[in-house]
Each structure stands twice: as C-alpha cells, then as structure tokens.
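# Coordinate inspection notes
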Amino acid sequence: MNLKIRLSLMNFLEFAVWGAYLTSMGNYLGKAGMGAEISWFYAIQGIVSIFMPTIMGIVADRYVQPQRLLGICHFIAGAAMLSLCYIGMTDAQPDKTTFMAVYIVSVAFYMPTLALSNTAAFTMLKDHGMDTVKDFPPIRVFGTVGFIATMWFVNCAVWDNGSLFFTLDENAAKFQYTYMQFGVSGILGLLLFAYCLTLPQCRLVGKPSQSVAESLGLNAFKLFKQKRMALFFIFSALLGMSLQVTNGYATPFITSFKGDPAMADTFGANNATMLVSLSQVAEALCILLIPFFLKRYGIKTVMLIAMFAWVGRFGFFGLGNPAFPGVILFILSCLVYGVAFDFFNVSGGLFVDKECDVKVRASAQGLFMLMTNGLGATVGTLAAGAVINNYCQWNEQGFLMGDWKTCWFIFAAYALVVGVAFALVFNPEKKNVKN
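### Overview of the side chain of D342
The topology assignment puts D342 in helix 17 (residues 326–355). R140 is the oppositely charged side chain nearest to the buried, salt-bridge-free D342, at an N-O distance of 7.4 Å. Once residues within four sequence positions are removed from consideration, D342 is found in contact with A282, E283, A284, C286, I287, I290, Y337 and S347.

### Quick word on a nonpolar patch on the surface
On the surface, W40, I47, I50, F51 and I55 cluster together into a nonpolar patch covering about 420 Å² of accessible area. Here W40 shows up in helix 3 (residues 38–49).

### Overview of empty space enclosed by the protein
Within the structure shown, the criterion is met by 1 cavity of 30 Å³ or more. Considered as a void within the structure, the largest cavity measures approximately 40 Å³ in volume. Surrounding the largest cavity, V17, Y21, H74, A77, G78, M81, S106, Y110, S185 and G189 form its lining. Those elements that place two or more of their residues in the lining of the largest cavity are helix 5 (66–90), helix 6 (96–127) and helix 8 (180–196). In terms of residue class, the lining of the largest cavity is made up of 5 nonpolar, 5 polar and no charged.

### Some remarks on the nonpolar core
Residues W18, F99, Y103, F182, F232 and F233 are the most contacted members of the largest nonpolar core, which totals 122 residues. When residues in this core are grouped by element, the largest group, 14 residues, is from helix 6. For F232, the residues in contact, after removing those within four places along its chain, are M303, F344, G348, F351, V352, F368 and F426.

### Focus: the environment of W159
Looking at the element boundaries, W159 is found in strand 1 (residues 157–160). With 15 residues separating them in the primary sequence, W159 and K174 have C-alpha atoms 7.3 Å apart. Here W159 is in contact with L164, A173 and F175, once residues within four sequence places are set aside.

Rules and cut-offs
- Residues numbered from 1 in each chain as written.
- Predicted model: local features only at pLDDT ≥ 70, side-chain atom pairs only at ≥ 80, totals over all residues.
- Heavy atoms only, no water.
- Helix = DSSP H or I, 4+ residues; strand = E, 2+ residues; numbered from the N terminus.
- Buried < 20%, exposed > 50% of the residue type's maximum accessible area, 1.4 Å probe, protein only.
- Lys, Arg positive; Asp, Glu negative; His and termini not counted.
- Salt bridge = Lys/Arg side-chain N within 4 Å of Asp/Glu carboxyl O.
- Contact = heavy atoms within 4.5 Å.
- Patch = residues over 30% accessible without salt bridge, like charges linked within 9 Å, V, L, I, M, F, W, Y side chains within 5 Å.
- Areas by Shrake-Rupley, 256 points an atom, 1.4 Å probe, with all protein chains shown as cover.
- 1 Å grid on protein atoms, 1.4 Å probe; cavity = no way out; pocket = protein on both sides within 12 Å on 5 of 7 lines; lining within 4 Å.
- Points joined across faces, edges and corners; volume = space filled by probe spheres on them.
- Nonpolar A, V, L, I, M, F, W, Y, C, P; charged D, E, K, R; others polar.
- Core = buried A, V, L, I, M, F, W, Y, C linked by side-chain atoms within 4.5 Å.

Coordinates in, geometry out; function isn't part of it.
As structure tokens, then:
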C-alpha cells in the first residue's frame, strides 16, 4: 500500500481514539455520579502531558522504534479504556477512585502517542525520500477527519436489546451519554496497536550523548532570561487556560437544554456531540488560512486574532441556545473555535521556530506545548470546573443545570483581559537577542 495512504490511516485511527470520548465524556460522568470531578478528568490530560511525552520520546529515540512504541502505548491505553467500559457496564455509579485510576493509566499512555505518531510519520517519510513539509499536512488532516468521524459515531450510535442502530432522535442509550464511548475508544486503540505492527520499520539512529537536563528539554528554560520570550511563554500558559474548557463542558452545557421543556426536543440538545464537531471541522479548514494571515498581518496580529476569537467562542455560547435562531450563535461559536485554536497553536510554534537558536529549538517547542497544553490547560480546566460547579448542579435527570450564561461570560471576560494585555506588552517585532 502507498506509504501516504498508510500514514493517513494511522493518523485517522490516532485521533479517532481520542474523538470517541474527549468531548462527550462529561455527559456520562455526570450521570455516573462524577459530575463534580469533570474538570479533574480533563486536567489529568494536561498533567500527564508535562512529563509522559518527554519520557516516551527518550525511549523512542534510544531503545524502541517509534512505530512499535506507538503500538505498545495504544495497547495499554486501549485496554484501560475497555476496562472503563466494563466498569461502567457493571456499576451505574462506579467507585470514583477506581474509575479515575484506570482513566489515568489510559491517558498517561495515550497522550505521548500524539508526538510518537508524528515522529513515526516524519521518520518514514524521510526514509522514503519524501518532503515532510509538503507531504505531512495532507496526511495530518485525516487525523481531524478521524476525530470527527468518531464524534458523529458516538453521537448517533445506540446499543439496545442486543442490537446496534443509529438515530438523531432522543435516546438515553446513545453512546454519547454512556460508558460505550470508552468501549469505542478502546476497540480503536487495540486496532491501531495491531496496525502499527504492520508499519515500515523506523531504524534507531545513534545520537550524541546528552545530559539529563538536555534529554528532558530543561535547557529551553533559559529562554526565560529573554524578556520577550518569557512574555511569550507566560501568555502561552494564560491562553492555554482556555483550551480544554469547551472540550469538557460544551456537551454537558448543550445537553442541559433537555431539562428545559421548551428546548428538550431541539436537534442541538439531543445531538450535542455532533454540533460540537463543527469545531473540529472549522479547525481543519482554518489551518489553510494561517499562511495568508501570517504573510499579510504578521505574527502578533495573528496571535491577537486567536485570543479575541476565544472571547467569541465563550460569548456566543453564553448568548445562544439550541432553538432557532439561538442555535446560529452556537454554530458561530464552533466556527470561531478553529481560529481560536489553530491561529495561536500553529503561529506560536512558528514563532518559536523562528526566534530560538537551533540548539534549543526542539526543546523550546516542547516548552511551548508544556506551557499551553500542560500547565495552562491544567490550571484553566480546574478553575473553570470550580466556576461551573459554583453556578450549576447536576439534577436527578442527569442534566447540568444552572446559570450557564454567567459562566460563559466569565470565561469570555478572562480571554478578553488576556488579549488586551498581550496587545499592550508583547512586541515580537523587536530584534531577538541570540542565545
């Protein structure tokens, strides 16, 4: 099979595993008596992202071929996901400690695969004489397609009385509300494990000896000595606080309208996962806009656009509802998400690549991810959870009801303050001091 097709399938499965539960998990947790802990389930992803990708990266560099390690990680993560499905199947109100512990194992081994899949793809493309800059982006797009595909699947799939069927109508047995979403993720993870066994070999290349600090990427922290880079990383963390908020709470929020008799039968309230998937569609499309905006407006303006897009992301949720015309605002929230997420993550990575010395460039990219998806996302998710738990409560029907409008406006105000502060104090146009 053509290598590009094989890598496209790998990326499809890589993100399909995640899409099966990432945005719909909150609804199940609420009904399973763990609604108050939703923020912790998402914060754990940020916590393990601080150290697990680095550890697995070292293993892939020195001891195990990346495509094999990718498969091993998916086997462990997939087995843990199937265990979550079994726990949910056997107990409607699972023990929180046990459920959380198994979830931690799954996430701890899944999060490193995001980097490992890239490493494997880059190595294979180079080994076959291909250009990663030209050939990888079309391959990576299939990852987003896979994420969306499983979101749609769990949104519509129902297992009832021993039969599987699909519906857009109200049905409490939809996978998006039940433990079955973890089963879907686990099955796909084991399938990817088997697929990785068939991928071309990525031979290990001997590398010069490094200190422990260099191996862990700690040498990048010296960039904080430069005021401009320090400001960039600090704002990366501040913006990163917004990243996981809607992943954790968008579907419980939209589904909560089922508790309102006037909104209970609306398409959006009954298909929250599918509605939220528009965010991923927008994300895939907005990647194509970045080169134009960077060339015409510069990196600071592009980052500012991303920051103010987060204001729109949260604000539109606060103003909208699943009924027409309010649902238009939900759709707009999903569309601006593509700008909010892509414009900062991609342009931020390009800024780091441009401004940092080649000796610390790879470590600086790792530091950028640590500040955004690690530290920032963890603190932001926990803070958002505290706000939502203060204004909203789970009712007997399993809906998270309360003053959602205030919650979304608080998040929008935060994003606005960060954006204004960034505009005032960050000046990338100044010449960088060489390391």
